[in-house]
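# Descriptive analysis of the structure
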Amino acid sequence: MHSTSILILVGILGLALGALLAFLATRNRGGIDRTQELELRLKEANRKLEDFQLQVNEHFDQTSQLVHNLTESYREVHEYLANSAMRLSSQDIGRQMLEAGSGKLSENDESLKSVEPPRDWAPKEPGAKGTLAEDYGLDKELQESSENVVNR
C-alpha cells in the first residue's frame, strides 16, 4: 500500500509538472508570435517607405522633364516672335528681341543708362553719418552712457 500511494503521488506531481511546463511553453510561444507579428509589420512599413521614396523620385524626375519642356517651348515661342518681328517690322526691333532672348540687353537703350542703384546707405546731409554707420540713429545720451560703460 505504501508503494501505491507513492506511485499515485509521483503521478500527480508528474501531471502537475507537465501542466506547468505546457503552460510555460505556450506562454513563451505567444511571445514568439508577437515578435513575428512585429517583424512582419516592420517589413511592411519598410516596403511602404521604399514605395513612397520611389514615387517621390519619379515625381521629381517628371517635374524636371516638364520644366525642361516648358523652357524649350518658351524659347521656341520667343524665337518665333522674334523672327516674325524681323519679317513684319523693322530690323532693329527684331534684333532687339533676339538679343533680349539671349540674355543681352541693348546698349543703346537710354532708359537703362540713366538708372542708378539706390543710395540708402549714403548720408542724407553733408557731414552726416550714413545708415550703415555703427552709431546711426542712436541718441547721444545713449551713446555717451555706453561709452562710459566701455571705458570703465
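Residues numbered from 1 in each chain as written. Predicted model: local features only at pLDDT ≥ 70, side-chain atom pairs only at ≥ 80, totals over all residues. Heavy atoms only, no water.

The number of helices and strands found in the protein chain is four helices and zero strands. The linear arrangement of helices and strands in the protein chain, starting from the amino end, is α-α-α-α. Relative to its full complement of 152 residues, the protein chain shows a buried share of 5%. As displayed, the protein chain has an accessible area near 14000 Å², and 60% of this comes from carbon and sulfur atoms. (Helix = DSSP H or I, 4+ residues; strand = E, 2+ residues; numbered from the N terminus. Buried < 20%, exposed > 50% of the residue type's maximum accessible area, 1.4 Å probe, protein only. Areas by Shrake-Rupley, 256 points an atom, 1.4 Å probe, with all protein chains shown as cover.)

Per-residue confidence for the protein chain gives a mean pLDDT of 76, with 61% of residues at or over 70. Ranking the elements of the protein chain by mean pLDDT puts helix 3 (residues 110–113) last with 56 and helix 1 (residues 2–88) first with 87. (pLDDT = per-residue confidence, 0-100.)

With that settled, the discussion passes to the pattern of salt bridges. Counted according to the given criterion, the structure contains four salt bridges. Residues Asp51 and Arg47 are paired through a salt bridge, measuring 2.9 Å at the closest nitrogen-oxygen approach. Of this pair, Asp51 and Arg47 both sit in helix 1, four residues apart, which is roughly one turn of the helix. Accessibility expressed as a relative area gives 34% for Asp51, which makes it partly exposed. What makes Arg47 partly exposed here is its relative accessible area of 40%. Between Arg75 and Glu72 there is a salt bridge, with the nearest N and O atoms lying 2.7 Å from each other. With Arg75 and Glu72 both in helix 1 and three residues apart, the pair spans about one turn of that helix. A relative accessible area of 37% places Arg75 in the partly exposed class. For Glu72, a relative accessible area of 28% puts it in the partly exposed group. (Salt bridge = Lys/Arg side-chain N within 4 Å of Asp/Glu carboxyl O.)

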